[in-house]
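Listed below, chain by chain, are the residues.
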Amino acid sequence: MTKNILTFILMLTLGIVSGQKIDATSAMIQLRSGQTIETLTTEVQAAQLIEEPRIRLIVPDLMIYRLDFKSCTGLETFEAFAKMSSTIDHFHEAQELEWRTEPNDSRYSDQYHAPLIGLEDIWNTTTGGVTALDDPICIAIIESGIQLDHPDLEDRIWVNRGEIANDGLDNDGNGYIDDVNGVNFRNSTGQHQEDFHGTGVTGIVGAEGNNGIGVSGVNWNSQLMILTEARNSITIVEAFQYVIDQRRLYNDTGGDEGAFVVATNFSAGINGQWGEDFPMWCGMYDLLGAEGILNVSATTNDNVNVDEFGDMPSTCPSEYLIVTTSSNEADQLSNRGFGQTWVDIAAPGEGLTTTDLDGGYQLFSGTSSATPVVTGVIGLMHSIPCEDFARAYKSDPESVARDLKRYIMNSVVPKSDMADKIASGGRLDAYSAFLNIVDRCDFNLDGTLLELVDNGSSGALTFRYSTESTETVNLTLYDAAGKIILDVALAPSPLVISQEVVELGGDWPVGIYFARLTGPEDDTVLKFFIG
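Some points on the overall build of the protein
1) Next: In terms of helices and strands, the protein carries 13 helices and 25 strands.
2) Next: The buried share of the protein, taken over its 531 residues, is 56%.
3) Next: If you take every contact in the protein between residues at least 6 apart in sequence, the share linking residues at least 24 apart comes to 72%.
4) Next: Summed over all atoms, the accessible surface of the protein reaches about 21000 Å², with 46% contributed by carbon and sulfur.

Overview of the state of the cysteines
1) Next: Enumeration according to the criterion identifies one disulfide in this entry.
2) Next: Linked covalently through their sulfurs, C282 and C316 form a disulfide whose S-S length is 2.0 Å. One disulfide, between C282 and C316, carries an S-S torsion of -70° and so falls in the left-handed class. Residue C282 is located in helix 8 (residues 279–290), and its partner C316 is located in the loop between strand 12 (311–312) and strand 13 (321–327); the two are separated by 34 residues in the primary sequence.
3) Next: Among the residues examined, C316 registers a relative accessible area of 3% and is labelled buried.

Things to note about the environment of I139
1) Next: Checked against the element boundaries, I139 lands in strand 6 (residues 137–143).
2) Next: For I139, a relative accessible area of 0% corresponds to the buried category.
3) Next: Between the C-alpha atoms of I139 and V243, which are 104 residues apart in sequence, the distance is 9.5 Å.
4) Next: For I139, the contacting residues outside a window of four places in its chain are V205, N219, Q223, L224, M225, A263, T375 and G379.

As for the side chain of H113
1) Next: Considering the arrangement of structural elements, one finds H113 in helix 4 (residues 113–116).
2) Next: Judged by relative accessible area, which is 2%, H113 ranks as buried.
3) Next: When sequence neighbours within four positions are dropped, the list of residues in contact with H113 reads L119, P348, L352 and V373.

Regarding the sheet that holds strand 2 (residues 54–59)
1) Next: The antiparallel open sheet is built from four strands, whose spatial order is 2-3-1-4. Among the strands making up the open sheet, the edge pair consists of strand 2 and strand 4 (88–93). Taken over all neighbouring pairs, the strand axes of this sheet differ in orientation by 25° on average, direction set aside.
2) Next: Here strand 1 (residues 26–31) runs beside strand 4; their pairing, made up of five bridges, is antiparallel.

Points about a negative patch on the surface
1) Next: A surface patch of negative charge is lined by D149, E154, D155, E194 and D358.
2) Next: With respect to the helices and strands, the residue E154 is situated in the loop between strand 6 and strand 7 (182–184).

Describing the nonpolar core
1) Next: Counting residues in each nonpolar core, the largest one holds 57 residues, and the members touching the most others are L119, I322, V377, M381, F389 and L428.
2) Next: Among the elements that make up this core, the one with the highest residue count is helix 10 (residues 367–381) (seven residues).
3) Next: Not counting residues up to four positions away in its chain, the partners in contact with I322 are L294, N295, V296, S297, D344, I345, V374, I378, K405 and I408.
4) Next: With 48 residues, the next largest nonpolar core counts V59, A94, L97 and F266 among its residues.

Some points on the packing of aromatic side chains
1) Next: Throughout the structure, instances matching the rule amount to 14 aromatic pairs.
2) Next: Between F266 and W281, the aromatic rings sit 6.1 Å apart at their centres with planes inclined by 75°, giving edge-to-face as the arrangement. Of the two residues, F266 is situated in strand 9 (residues 260–266) and W281 in helix 8; the sequence distance between them amounts to 15 residues.
3) Next: For F266, a relative accessible area of 1% translates into the label buried.
4) Next: W281 sits in the buried class, given a relative accessible area of 1%.
5) Next: Ring geometry for Y478 against F514: centres 5.6 Å apart, planes inclined by 20°, an arrangement best described as stacked. Of this pair, Y478 sits in strand 21 (residues 473–479) while F514 is found in strand 24 (residues 511–519), placing the two residues 36 residues apart along the sequence.
6) Next: Members of the aromatic cluster, connected to one another through ring pairs, are F69, F78, F81 and F91.

Some remarks on the sheet that holds strand 22 (residues 484–490)
1) Next: The sheet built from four strands is open, its strands ordered 22-21-24-25 with antiparallel pairing. Taken across any chain shown, the strands that pair with only one partner, and hence form the sheet edges, are strand 22 and strand 25 (522–530). The sheet shows a mean angle of 15° between the axes of neighbouring strands, taken without regard to direction.
2) Next: Sheet topology places strand 21 next to strand 24; six bridges connect them, and they run antiparallel. Each bridged residue has a counterpart across the sheet, and for N474 the counterpart in strand 24 is T518.

Points about the packing of helix 6 (residues 196–206) against helix 10
1) Next: Where helix 6 meets helix 10, the axes come as close as 8 Å, and the angle between the chain directions of the two elements is 35°. Crossing of helix 6 against helix 10: the hand is right-handed. Contacts between helix 6 and helix 10 involve H197, V201, I204 and V205 from the former and S368, S369, P372, V373, T375 and G376 from the latter.
2) Next: Taken together, the residues of the contact of helix 6 with helix 10 sort by class into five nonpolar, five polar and no charged.

Let's talk about the pattern of salt bridges
1) Next: Counting across every chain of the model gives 18 salt bridges.
2) Next: Ionic pairing is found between E350 and R336, a salt bridge with its closest N-O pair at 2.7 Å. With E350 in the loop between strand 14 (345–348) and strand 15 (352–355) and R336 in the loop between strand 13 and strand 14, this pair connects stretches of sequence that are 14 residues apart. Here E350 matches R336 in class, with each residue buried.

So, a nonpolar patch on the surface
1) Next: On the surface, V510, I512 and F529 cluster together into a nonpolar patch covering about 290 Å² of accessible area.
2) Next: Of note, V510 is situated in the loop between strand 23 (498–503) and strand 24.
3) Next: Given the relative accessible area of 61%, V510 is considered exposed.

Digging into the confidence of the model for the protein
1) Next: In the predicted model, the protein carries a mean pLDDT of 86, and 89% of its residues have values of at least 70.
2) Next: Low pLDDT (under 50) marks residues 1–23, which in the prediction has 33 contacts with non-local residues, meaning those over four places away or in another chain.
3) Next: Per-residue pLDDT stays below 50 along residues 442–447; that stretch engages in seven contacts with residues further than four places along the chain or on separate chains.

Rules used in this analysis
Residues numbered from 1 in each chain as written. Predicted model: local features only at pLDDT ≥ 70, side-chain atom pairs only at ≥ 80, totals over all residues. Heavy atoms only, no water. Helix = DSSP H or I, 4+ residues; strand = E, 2+ residues; numbered from the N terminus. Buried < 20%, exposed > 50% of the residue type's maximum accessible area, 1.4 Å probe, protein only. Contact = heavy atoms within 4.5 Å. Areas by Shrake-Rupley, 256 points an atom, 1.4 Å probe, with all protein chains shown as cover. Disulfide = S-S within 2.5 Å. Pairing = 2+ DSSP bridges. Axes fitted to C-alpha atoms, helices over the stretch in contact; angles between N-to-C directions. Patch = residues over 30% accessible without salt bridge, like charges linked within 9 Å, V, L, I, M, F, W, Y side chains within 5 Å. Salt bridge = Lys/Arg side-chain N within 4 Å of Asp/Glu carboxyl O. Lys, Arg positive; Asp, Glu negative; His and termini not counted. Charge placed at Lys NZ, Arg CZ, Asp CG, Glu CD. Core = buried A, V, L, I, M, F, W, Y, C linked by side-chain atoms within 4.5 Å. Phe/Tyr/Trp six-rings, centres within 6.5 Å; stacked < 30°, edge-to-face > 60°. Left-handed = near helix turned anticlockwise from the far one by under 90°. Nonpolar A, V, L, I, M, F, W, Y, C, P; charged D, E, K, R; others polar. pLDDT = per-residue confidence, 0-100.

In structure tokens form, the structure reads like this:
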């Protein structure tokens, strides 16, 4: 191996190796299963590289390390070494991210998205803040910067109880100095620059409501963890690890330290890239999901089919990621990214009034604006006054996080212009998702539910169901003569009420029909009439 590396260095010197030089001097690697950093260190020393990197573990669960070099040549040489190493599984250079917005500086005072997605109806019951078991809900905002002392935000910012403000020390020993409200990943401190983008996104998620000034966030009272300057594909991984660490710390200390993070918001990405080329970044979403943390990300603002052109992190294959595009005040898709496979849902994102720098307010548009609407709804769902739901989440956060995504995806308002453009086929309906949880609190969770909520008035049958089974169940529809008309397999939803829509078409004569829900632990029959 030493000979190969030395040959490569010589080729660099003679200008034989082609390709663009890499401006960044950072990378990250993931070790192969069963390998150790000690083995890698021995390999590096034996290779006699022109420069050994500074190596730092950033994701212990996935054995991901950050490498920092003094020169671009040192990084390029190490990349060649990584391709031949038996210890390294993945090597990844830092790639810059772009914040996804098209700001408009005109003032618009009507927050049309709130009544459109049913927030006002939810606010009659809850405005966010704590769960039914009194855990303080926290949402992590991964952004460019923020005005921490904005009058509509300052009282909502999360506080790290293990850190002493402005003493220049890492009091809680987590590697970050003065991270009282979160981390600036450019300098590993808690000193955040101010930026309109992050200030706007944060206001949509959680500007303080009912305080007589400005705007109302989706959540009025929830905590907002601020993570800034995660501007490349390495620091975003570090930011996600910080979220995981704080959630685990909360769990381990019974809530005395850390943060009860339930969701992350990331309104940035890289156009035209594919998740398969970013396995370490994509792997973080499942790691977050294991802690019960749902993640919402903006797809590209370009009017392209992501299924064909790619996008990061839109194309990360995780059950714990909700990829969001933007709809407008006319309740139609905006000219933003779409994709029936990789883009999950649309949410209002054009012309939202939100917080701005200097204590002001701005008109904010794009997928960056739509994404925090969805993120905010996740936080709001956790504040529903239902102890059954809160207990289920505490005991099995991973499953309930998946169920929450299904609540949201299955509760959309179907839109014809979205049917073949995004996975859910519709626009976010927060109130409908909220009612799913309310209904779950109203019936015996040990039983099976099957009911018809629309018998064809909209051109389709709409069933709600919940099952005891953790395996696939079947919904079978047949007429009075026993002829099977439809038999469809449904995903198990042991903790939730789900929804299934069956298009009627022109093949359903007037008469009596039956629906049957069957599975290993379920057998429920429902009689209904189509007239």
